[in-house]
Each structure stands twice: as C-alpha cells, then as structure tokens.
Amino acid sequence: MKTIIVADDSNIIVNIVKRAFEGEYNVISAQNGEEAIQLLQNNNLDDIVGMLLDLNMPGVDGFAVLEYLKNNNLFLKVPVSIITGDDDMDVISKAFEYNIIDVLKKPFNVDNIKKIVEKTISIRSINNM
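Below or above, wherever it landed, is the structure these notes cover. (Residues numbered from 1 in each chain as written. Predicted model: local features only at pLDDT ≥ 70, side-chain atom pairs only at ≥ 80, totals over all residues. Heavy atoms only, no water.)

Some details on the pairing of strand β1 (residues 3-7)
Going by this rule: Think of it in three bands: residues with accessible area under 20% of the maximum for their type are buried, residues over 50% are exposed, and the middle band is partly exposed, with areas taken using a 1.4 Å probe on protein chains only. In this description a helix means any DSSP run of H or I spanning at least four residues, a strand means any run of E spanning at least two, and both kinds are numbered starting from the N terminus. Only strands that DSSP links by at least two bridges are regarded as paired with each other. With the strands pointing away from the viewer, any crossover whose connection runs clockwise from the first strand over the helix to the second is right-handed.
Burial analysis of β1 places 5 of its 5 residues in the buried class, which makes it a mostly covered element. Here β1 shows no split at all, with T3, I5 and A7 on one side and I4 and V6 on the other all buried. The pairing of β1 with strand β2 (residues 26-30) spans 5 bridges and is parallel. From the neighbouring strand, T3 faces β2, where its bridge partner is N26. Regarding topology, helix α1 (residues 11-20) serves as the crossover connection from β1 to the parallel β2, and that connection is right-handed. As defined by bridge partners, β1 adjoins strand β3 (residues 48-53) across 5 bridges and the pair is classed as parallel. Its bridge partner being in β3, T3 is matched across the sheet by I48.

So, empty space enclosed by the protein
Keep this limit in mind: The pocket and cavity definitions rest on a 1 Å grid over protein atoms only: a 1.4 Å probe that fits but cannot leave marks a cavity, an open set with protein on both sides within 12 Å along at least five of seven lines marks a pocket, and residues lining either have an atom within 4 Å of a point. Grid points are joined across faces, edges and corners, and a volume is the space filled by probe spheres set on the points. Three classes are used: nonpolar for Ala, Val, Leu, Ile, Met, Phe, Trp, Tyr, Cys and Pro, charged for Asp, Glu, Lys and Arg, and polar for all others, with Gly counted as polar.
Per the stated rule, a full pass over the model turns up 1 cavity of 30 Å³ or more. Of the voids in this model, the largest cavity is the one considered here, and its volume is about 30 Å³. Along the walls of the largest cavity sit I4, G50, M51, L52, V117, T120 and I121, which together make up its complete lining. Residue classes in the lining of the largest cavity are distributed as 5 nonpolar, 2 polar and no charged.

Topic: the side chain of T3
We apply this condition: We call two N or O atoms a polar contact when they sit within 3.5 Å, provided that within protein one can donate a hydrogen and the other can accept it, with sequence-adjacent residues counted only if both atoms are side-chain atoms. Working rule for contacts: check all heavy atoms of both residues, and any pair within 4.5 Å makes them a contact.
Tracing the backbone through its elements, the reader meets T3 in strand β1. Here N26 takes part through its side chain, which lies 3.4 Å from a polar atom of the side chain of T3. The contacts of T3, once residues within four sequence positions are left out, are N26, I28, D47, I48, V49 and G50.

Section: helix α3 (residues 62-71)
Taken together, the buried positions of α3 are G62, F63, V65, L66, Y68 and L69. Of the surrounding secondary structure, the elements contacted by the buried residues of α3 are α2 (33-42), β3, β4 (80-84) and α4 (89-95). Its side-chain oxygen at 3.1 Å from the backbone nitrogen of F63, D61 defines the N-terminal cap of α3. One or two positions beyond α3, positive phi appears at N73, with a value near 50 degrees.

Structure (structure tokens):
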C-alpha cells in the first residue's frame, strides 16, 4: 500500500487525514520536522506518494523540512503540499519559493483534504512517467 506522510503537530489534523484515506493509503505521521525528516530517511521513497506538511511545528519547523527536501533533491520523488493555519502572505509566498504543489489553509474539511492529496499524488505520477 502506498504511503502519505502527514507532518503536523495537531492530532486532529492527522486523524482527519487517516480517516479520509483509510484502506486506500498508509498514512504515517510526524509531530515535528525532525520526525518528518526521519520518516523520509527511514522509509522507501518509492512507497511515499506525497506529504502534507504544516509549516508551524514545535522544534524543527516545516521550512527546515522543505530545506531538507531541496538539499537532497527529493521534491520530484516526494511531492509536498502545505497545510497551514498561517494567514501571513509572506509565509505563504516563502513556502512557494520551494517546489511545493499547493497550500491548503486550515480549517479544512475532508473534501478539501482529498482534493489536495489527489492533486499532490497526481504530480508524482506525472514526474515518474
């Protein structure tokens, strides 16, 4: 089963994503950027179809994860969409300086999350053709 990484310190967000894709994808989660990087290092990247990444997490934040992905040329292997409660346009603009797919602002519903995951995953399929 293909895997989606959800890097968000909110258990509510993680649980929404897990329920939305139960039986369809293996959803693994990270509470902060350090755990997200460990998941990338410890899992077969061919099995990871996408990542939902919160920018504001304790300790190592989402921007550090974006830097890790950029420095290791992983954006083509692991497409990333941002999930954030931050309305600061400077923060959103900074995120788009990386090779991300899209940004989904919190709060969101299951339909929103399914659409952004489908969009994120479809980019990986195009990259692997």
